[in-house]
Amino acid sequence: MTAAADLRPGLADPVLDGQAVFRTVLKALSFPGRIQPLPVALTPPPPLNPAAAAVLLALADLDAPVWLDPALDTPAVRAWLRFHAGCPIVEARWQGAFAVVPADGEMDGFATGTPEFPETSTTVIVQVAALTEDAGPTLTGPGIADTARVSAPGLAPEFWPALAANAALFPQGIDVILAAPDRIAALPRTTRITE
Amino acid sequence: MRPSDDTLAGYNFAYLDEQTKRMIRRAILKAVAIPGYQVPFAGREMPLPYGWGTGGIQVTASIIGPDDTLKVIDQGADDTTNAVSIRRFFATVADVATTEKTTEATVIQTRHRIPEKPLTEDQILVYQVPIPEPLRWMEARETETRKMHALEDYGVMHVKLYEDIAHLGRIATSYDYPVKVNGRYVMAPSPIPKFDNPKMDRMPALQLFGAGREKRIYAVPPYTRVDSLDFEDHPFEVQTWDHACALCGSTESYLDEVVIDDQGGRMYVCSDTDFCGDRQAAQAQEAAE
């Protein structure tokens, strides 16, 4: 049990900071691969990084449960999310509306929705150390005028093949948010990936 | 003072409570990830009747922030009752700047038109939608239309368009003309004139659609292919006019026919008041120089 005194603060202004973080996520999903700076400062309990934490505080709640990869699942993280977001922490990866995994985390097993309700899928937040638009596979699809690129260090070798397979599931599939400590980029299921 | 402390006492910023906003925000993000698919959401009762833009208002309330500048148009005009009351609503509950200039706005809520001036990546267009389901006129059951979307079974839509050709020799649908988004989902573009359909194709701005009564949100991300349905021998085409705008002389914009007396007199004017006003101002300046 974490004592209240150990609990780190959440968003300074839950209303306006939540709106600003949401707009950043919306912009990231609207322009896949394009890096968006995080508009708020946050000090979540490690190993949760500030960008992943901000997305969860802005969007998770009692109707949107979260699944944590074992590498990130600490009592402090659980207590912090439960207190600030009020979200259930679920045991199976397919149960999460959101999931947080480390850069080399497994991308399998998340909910991909059904043909009739493709929105009942998991949004997977991948914690990375940094993000760059100068490397990575070529991205095309809605939200990308011509082509885009994005990459992060430490991604599992299966990451890009898994995402390419995910795009083939459309309209089902997961949506991915790459979260570096102070910036994010998104890879929705519509983004096609070619080397 | 922070804007959240400064708005109408007793209301949360932008009227909706935070849990509602998060629910709508999650629906919007899914809508962007699945272009053209109608995401159900738990629409709230708003302080105005269905049919007055409750869906668009809930979308706008969930995305808008203190740094935004809001423009609201109704059939292209900034000064109609619906547009004025929605603009005042957000000025009151969210304390945001409002504008009538298309170029100054970051969020544009619209009923039944797309502005004539091209939109940019930094803008979001929010449509008010009465009937989000394009297949509803052919199939009344939601369970069936949902299956048809899942199976990409859009034959009935082409039959409807074909029946127009068989009866009238041309496709008679002139507004809410069905489109296919990113080659997958058939979508109702809301009752915009088909004149505006080509503007949706690969638009740099994000387009969000909110249907309040039917409780659906859908989206077209930037730079997304939007094709108006047609046939090889009956290609899609937009309306044209034999007239120019009586006020600014434009021959490219969408014109409204206005009856001006009881002798059958009428004039044609731009439906987009900001576009028309800008052109008139430019002409007045040219004449003065």
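The coordinates are above.
In this report, we go over the structure that sits alongside the text. Quick caveat: nothing in here was measured; it's all calculated off a predicted structure.

1. Things to note about the interface of chain B and chain A
Here is step 1: Listed by partner, the interface residues are 44 residues for chain B and 44 residues for chain A.
Here is step 2: Buried area between chain B and chain A, summed over both chains or domains, comes out near 3,500 Å², and the portion from carbon and sulfur atoms is 61%.
Here is step 3: When residues of chain B are sorted by the area they lose upon contact with chain A, Arg26, Leu29 and Lys30 of chain B head the list and together hold 18% of the total.
Here is step 4: The tally of links from chain B across to chain A stands at five salt bridges.
Here is step 5: A salt bridge links aspartate 61 of chain A to arginine 26 of chain B; the shortest N-O distance between them is 3.2 Å.

2. Considerations on unusual backbone geometry
Here is step 1: Along the chain, proline 46 of chain A connects to proline 47 of chain A via a cis peptide bond; the corresponding omega equals 10 degrees.
Here is step 2: Turning to its location among the elements, proline 47 of chain A is positioned in the loop between β1 (36–37) and α2 (50–59).
Here is step 3: The step from phenylalanine 170 of chain A to proline 171 of chain A runs through a cis peptide bond, and the omega angle for that step is 10 degrees.
Here is step 4: For proline 171 of chain A, the location among the structural elements is in the loop between α4 (159–167) and β7 (175–180).
Here is step 5: Of note, the phi angle at histidine 112 of chain B is positive, near 75 degrees, even though the residue is not glycine.
Here is step 6: Counting through the fold element by element, histidine 112 of chain B comes out in the loop between β4 (107–111) and β5 (124–128).

3. Regarding the environment of proline 50 of chain A
Residues and elements named next belong to chain A.
Here is step 1: Here proline 50 is to be found in helix α2.
Here is step 2: Separated by 133 residues in sequence, proline 50 and arginine 183 have C-alpha atoms that sit 9.1 Å apart.
Here is step 3: Every residue in contact with proline 50, bar those within four places of it in the chain, is listed here: Leu38, Leu42, Pro44 and Pro181.

4. Some remarks on the nonpolar core
Here is step 1: Formed by 89 residues in total, the largest nonpolar core has its most connected members in Leu81 of chain A together with Ile28 and Phe90 of chain B.
Here is step 2: If you tally residues by element for this core, the top one is α2 of chain A, at nine residues.
Here is step 3: Setting aside its immediate chain neighbours within four residues, leucine 81 of chain A contacts Leu48, Leu56, Leu57, Val66, Leu68, Gly86, Cys87 and Ile89 of chain A.
Here is step 4: If you look at the next biggest cluster of nonpolar residues, it comprises 28 residues, including Ile35, Val128, Ala148 and Leu187 of chain A.

5. A look at the packing of α2 of chain A against helix α3 (residues 75–84) of chain A
Packed helices, taken two at a time, are described by the angle their axes make and the gap between the axes.
Residues and elements named next belong to chain A.
Here is step 1: Remark: α2 packs on α3, axes separated minimally by 9 Å, with the N-to-C direction vectors making an angle of 35 degrees. Where α2 crosses over α3, the two elements pack in a sense that is right-handed. In this structure, α2 uses Ala53, Leu56 and Leu57 to contact α3, whose residues at the interface are Trp80, Leu81 and His84.
Here is step 2: For the contact of α2 with α3, a count of residues per class yields five nonpolar, one polar and no charged.

Definitions and cut-offs
- Residues numbered from 1 in each chain as written.
- Chains lettered and ligands numbered in written order.
- Predicted model: local features only at pLDDT ≥ 70, side-chain atom pairs only at ≥ 80, totals over all residues.
- Heavy atoms only, no water.
- Contact = heavy atoms within 4.5 Å.
- Buried area = accessible area lost by both parts, 1.4 Å probe.
- Salt bridge = Lys/Arg side-chain N within 4 Å of Asp/Glu carboxyl O.
- Helix = DSSP H or I, 4+ residues; strand = E, 2+ residues; numbered from the N terminus.
- Core = buried A, V, L, I, M, F, W, Y, C linked by side-chain atoms within 4.5 Å.
- Buried < 20%, exposed > 50% of the residue type's maximum accessible area, 1.4 Å probe, protein only.
- Axes fitted to C-alpha atoms, helices over the stretch in contact; angles between N-to-C directions.
- Left-handed = near helix turned anticlockwise from the far one by under 90°.
- Nonpolar A, V, L, I, M, F, W, Y, C, P; charged D, E, K, R; others polar.

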